[in-house]
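Structural characterization, general
Each chain, letter by letter, is given below.
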Amino acid sequence: MSETPVDIAIIGGGLVGASLAVALAPLIERDGLRVAVIEASELSANGAQPSFDERSSAIAYGSRAHFETMGIWSRLATRAAPIHDIEVSQRGAMGRTHLSCREVGTPSLGYVLPNAFLGQVLHERLSHMSIDWHCPARVEAIAPAVDGHRLILNNGRVLHAGLTVLADGGRSGLKASLGIGTDRHDYEQHALIANIETAREHHGWALERFTEEGAMALLPLRERRMALIWTRPPDIIETTLAMSDHDFLEALQSRLGTRLGRFQRVGTRHVYPLSMSRAREQSRPHLAVLGNAAHAIHPVAGQGFNLALRGVMDLSAAIEAALEAGRTPGEAMTMADFEQRRQSDRDLIMQASDTLVRLFELELPGISRARGAALGLFNLATPLKRALIRRAMGMARH
Ligand SMILES: Cc1cc2nc3c(=O)[nH]c(=O)nc-3n(C[C@H](O)[C@H](O)[C@H](O)COP(=O)(O)OP(=O)(O)OC[C@H]3O[C@@H](n4cnc5c(N)ncnc54)[C@H](O)[C@@H]3O)c2cc1C
């Protein structure tokens, strides 16, 4: 079988793979980089791609700058809802903290975007780029070859890629076939997501609430709609899914209070099992692992895609530096440069999100009061609070 040579093959055209291809656009135009994207799911089949389902994503303020660099922010902004304030609290205990964009001097703390729209904008941009777009096509096998990898697609095509990027969400088995193991911790929690309509304007407020069953977040969408993430143990998630809309809204109201008035309506509910996972190798010569394939974290702080997007930008910066130095994208030095740019941010965000989840899961005598006091104190510790907000906004590096 004849092989088509490409400089970079991106396996997976979901949120992360499509973002990487768009971020590489200047290098494709300037340096004639040959890039192939292979995506298994048909785009026209609504919601078929896991990234672009009915979820909405909290996009950190720092990610806006990345989308601006990629030339797609002005289009994304037409559907982005700004987050101006976040209130963090725990059910049944005193102490809450309030984070505001006014404290950091930015127009917002971040934005909320429907994933399906993000997918639409990314793929619109891809359709105008000079790339090899294989969709629907699945990479069935990958094997090391001289100066790269050989990829076998189920459409009969064979590619030789100098750099292969695994952005396949981590469930395809390709990573394992290359001998890359994954460390996984099952949170024994599921996230239920749905859109909620509120009686009052939310004015850009997001609520984050920790309850004895798990964390809840309500993020502002456009108009009087909000995106709910409600994490609950697997044994009660089925009952929650089966509730009538009326009972569901009552259950929600009793946990989240009436700050946003009465909850009026709920859209379709979807459930996701939650775990933290991390590939034991994030890169090796001629290979980079990105997005969910590299790391999955608890969605409570809305950091998973934001972290992955910083990985996308670091990889494209490492590739640009390599090309300027006369090196090829997949060379060992390029991959070492990528790893150096990535490591501390990845370690910190993974650790912080896991600690947050475990801290609020702990049920020890007095812990609830201690957490309440900590939230209250944090509210008063302005410099610490500002530093942490900037980190969560993706505005502080390393
Ligand atoms: C409930 C929930 C809420 C979340 N909320 C937020 C949030 O508010 N903010 C945030 O930053 N993050 C959030 N996240 C995390 C975010 O959704 C993920 O980081 C993101 O979806 C990862 O995208 P991905 O492209 O890496 O993987 P995926 O979305 O899994 O995409 C992988 C793609 O690869 C394709 N593929 C797979 N195998 C192959 C193959 N062999 N050949 C070709 N193609 C293949 C698939 O079809 C798919 O399109 C949330 C996650 C969950 C579960």
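Residues numbered from 1 in each chain as written. Predicted model: local features only at pLDDT ≥ 70, side-chain atom pairs only at ≥ 80, totals over all residues. Heavy atoms only, no water.

Overview of the packing of aromatic side chains
All chains considered together, the criterion is met by 4 aromatic pairs. Note that Arg79 overlies the ring of Phe117, its terminal NZ or CZ placed 4.8 Å from the centroid. The ring of Phe248 is capped by Arg269, whose NZ or CZ atom sits 4.3 Å from the centre of that ring. (Phe/Tyr/Trp six-rings, centres within 6.5 Å; stacked < 30°, edge-to-face > 60°. Lys NZ or Arg CZ within 6 Å of the ring centre and 35° of its normal.)

Focus: the sheet that holds strand 3 (residues 56–60)
An order of 3-7-4 is seen for the 3 strands of this open sheet, with the pairing classed as antiparallel. Both outer strands of the open sheet, strand 3 and strand 4 (81–83), are each paired with one neighbouring strand and no more. Sheet twist, expressed as the mean angle between neighbouring strand axes with direction ignored, is 30°. Here strand 4 pairs with strand 7 (residues 110–114) via 3 bridges, running antiparallel. Along strand 7, the bridge assignment pairs Pro82 with Tyr111. Packing of helix 3 (residues 61–69) onto the sheet brings it into contact with strand 3 and strand 7, and relative to strand 3 it is tilted by some 90°. (Pairing = 2+ DSSP bridges. Helix = DSSP H or I, 4+ residues; strand = E, 2+ residues; numbered from the N terminus. Axes fitted to C-alpha atoms, helices over the stretch in contact; angles between N-to-C directions. Contact = heavy atoms within 4.5 Å.)

Some thoughts on the side chain of Lys175
Turning to its location among the elements, Lys175 is positioned in helix 7 (residues 174–177). Nearest to the buried, unbridged Lys175 among oppositely charged side chains is Asp168, at 6.5 Å. In terms of polar contacts, Lys175 uses its side chain to reach the side chain of Thr182, at 3.1 Å. With near-sequence residues (within four places) excluded, Lys175 lies in contact with Leu166, Gly170, Ile180, Thr182, Ala279, Val289 and Ala293. (Buried < 20%, exposed > 50% of the residue type's maximum accessible area, 1.4 Å probe, protein only. Lys, Arg positive; Asp, Glu negative; His and termini not counted. Salt bridge = Lys/Arg side-chain N within 4 Å of Asp/Glu carboxyl O. Polar contact = N/O pair within 3.5 Å; in protein donor to acceptor, adjacent residues only side chain to side chain.)

Description of the packing of helix 3 against helix 10 (residues 304–324)
The interhelical angle for the contact between helix 3 and helix 10, taken along N-to-C directions, is 40°, at an axis separation of 10 Å. In this view, helix 3 runs oblique relative to helix 10, as classed from their interaxial angle. Handedness of the crossing formed by helix 3 with helix 10: left-handed. Where helix 3 approaches helix 10, its residues Ser63, His66, Phe67 and Thr69 are matched on the opposing element by Phe305, Asn306, Leu309, Arg310 and Met313. (Parallel < 35°, antiparallel > 145°, perpendicular 65-115°, else oblique. Left-handed = near helix turned anticlockwise from the far one by under 90°.)

Focus on the nonpolar core
If you look at the biggest cluster of nonpolar residues, it comprises 77 residues, and the most contacted ones within it are Ile10 and Phe67. The leading source of residues in this core is helix 10, at 9 residues. Contacts of Ile10, omitting those with residues within four sequence positions, involve Gly17, Leu20, Ala21, Leu24, Val35, Ala36, Val37, Ile38, Val165 and Ala167. Judged by nonpolar contacts, the second largest core, of 21 residues, contains Ile11, Ile142, Leu166 and Val289. (Core = buried A, V, L, I, M, F, W, Y, C linked by side-chain atoms within 4.5 Å.)

Describing the environment of Ala141
Inspection of the secondary structure assignment puts Ala141 in strand 9 (residues 139–145). In this structure, the C-alpha to C-alpha distance between Ala141 and Leu174, residues 33 residues apart in sequence, is 6.8 Å. Those residues in contact with Ala141, other than ones at most four positions away along the chain, are Arg150, Leu151, Ile152 and Leu174.

Everything listed here is a matter of geometry and, on its own, says nothing about what the molecule does.
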